[in-house]
Amino acid sequence: MHEKLDYTLLKTRLKTDVKVQTEVYNECYKKVYSSCLRILNDVHYAEDFMHEAFIHAFKSIDSYRGEAKLSSWICRIAINKCLDHLKKRKVKIIFSDNWEAENGHVHLFENSHESAEADRIKYALNQLPEGCRLIFNLHVLEEMDHATIAKRLDIKEGSSRAQYARAKNKIKEILKTERHG
Amino acid sequence: MDEFEKYMRENEELFNNDEPAEGHEARFLHKLKQADEKKAKSAVDFWRVAAAIILLLVLAASVLIPRFNSPQDVQYSSMSLSDVSEDMANVELYYKSKLAAEYEKIDDLSKTDPLVKAYLDEIDTLNEEYQNLEATLYKSGTHDKVVLAMIENFRLRLALMEKLEAKKLNKTNIDSL
């Protein structure tokens, strides 16, 4: 609904109109919450940061240029807040490097319902150690490049790439085991 | 981008469907209300502080500005005779040129001579009074009494200068005897 609203009118109403704010919230909360949860891996923190991101977005709606979808813009605010939280709280992100690389080619999506496949990938993602799961999520689902990830997490760009590759192989390994098991 | 990334990005909505705990919307609206109240309160506080600062500045200015008003400041808020009318401009020009000529004539007098010093002090006092009269003229508008007082001031200064010059001539004559 909100994407169809006149851009300027939407911005004006988003500042003060609780009804429009609620509509935007209901339309975008899942995407924002999922992003927060993927980064923080804690339902309470994820909800808090999701709420903070919406309030921040409504308050600073003047800086929204309309170049991205409103939901993506709010999501970006939420991601930044979550990453700042990790940095501020000095949350130790453990990056694993002792996995065996999986070289076998896995056809993930053959003859399977996409929703079920997505659930399996999510299950596999949850099996990953924190560090590489975070990097994988930031790169694939939040579409951050490795240079940005490295900067935000205070690691080397090469580490980000390596962790991502390991995460991908590990997911494939988990999925293969699950399918054959 | 490999098959894996492509699949996840193309089916983004399947990975963005997590549901927060029940009551999340009510909790959000509560936080939103609190944030609005805080914003409104800080806006009120801002204007209160701003009003207090403005009041303090006005009070400080009203107390301090008169104290720092130097004669130089007065010059900027004064009017000369030439601002009154063309005739008065001629009067002012006449006296100023006469006074300048007299100053030149007495320039070589010893400023430490008590008699000369007394004359010069009197002329300085009249100068200061003249500046005050210019300020008064600016404040009161072209008031006849002020204009007359200014002319009288010029006349007195010129008379003193002429007397001083006469004493100089007298002294020169005595010295030459």
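What you are looking at is a predicted structure, and each value in this text was computed from that prediction instead of being measured.

Draft legend 1. Spotlight on the overall build of chain A. Counting its secondary structure elements, chain A contains eight helices and zero strands. Reading chain A from its N terminus to its C terminus gives the helix and strand order α-α-α-α-α-α-α-α. A buried classification covers 47% of the 181 residues belonging to chain A. Here the analysis covers contacts within chain A between residues at least 6 apart in sequence; of these, 69% occur between residues at least 24 apart.

Draft legend 2. Quick look at the environment of S35 of chain A. Residues and elements named next belong to chain A. Assignment of secondary structure puts S35 in helix α2 (residues 18-40). According to the relative accessible area criterion, S35 is buried, its value standing at 1%. Put simply, S35 and L141 are 106 residues apart on the chain and 8.3 Å apart in space, counted from C-alpha to C-alpha. Beyond its immediate stretch of four places on either side in the chain, S35 contacts C75, I79 and E142.

Draft legend 3. Broad picture of the side chain of H139 of chain A. Its location among the elements puts H139 of chain A in helix α6 (residues 130-140). Overall, the relative accessible area of 13% leaves H139 of chain A in the buried class. Setting aside chain neighbours within four positions, we find H139 of chain A in contact with M144, D145, H146, I149 and Y164 of chain A together with E5 and R9 of chain B.

Draft legend 4. Fine view of a nonpolar patch on the surface. Residues and elements named next belong to chain B. Together, V49, I53 and L57 make up a nonpolar patch on the protein surface, roughly 280 Å² of accessible area in all. Relative to the helices and strands, I53 resides in helix α3 (residues 24-68). Here I53 falls in the partly exposed class, since its relative accessible area comes to 44%.

Draft legend 5. Focus on the confidence of the model for chain A. Residue and element names in this part refer to chain A. With 81% of its residues at a pLDDT of 70 or more, chain A shows a mean pLDDT of 82. In the model of chain A, helix α1 (residues 7-16) stands out as the element of lowest mean pLDDT, 79, in contrast to helix α3 (residues 43-59), which has the highest, 95. This model gives residues 99-111 a pLDDT under 50, and the stretch forms 26 contacts once residues within four places in sequence are excluded.

Rules used in this analysis
Residues numbered from 1 in each chain as written. Chains lettered and ligands numbered in written order. Predicted model: local features only at pLDDT ≥ 70, side-chain atom pairs only at ≥ 80, totals over all residues. Heavy atoms only, no water. Helix = DSSP H or I, 4+ residues; strand = E, 2+ residues; numbered from the N terminus. Buried < 20%, exposed > 50% of the residue type's maximum accessible area, 1.4 Å probe, protein only. Contact = heavy atoms within 4.5 Å. Patch = residues over 30% accessible without salt bridge, like charges linked within 9 Å, V, L, I, M, F, W, Y side chains within 5 Å. Areas by Shrake-Rupley, 256 points an atom, 1.4 Å probe, with all protein chains shown as cover. Salt bridge = Lys/Arg side-chain N within 4 Å of Asp/Glu carboxyl O. pLDDT = per-residue confidence, 0-100.

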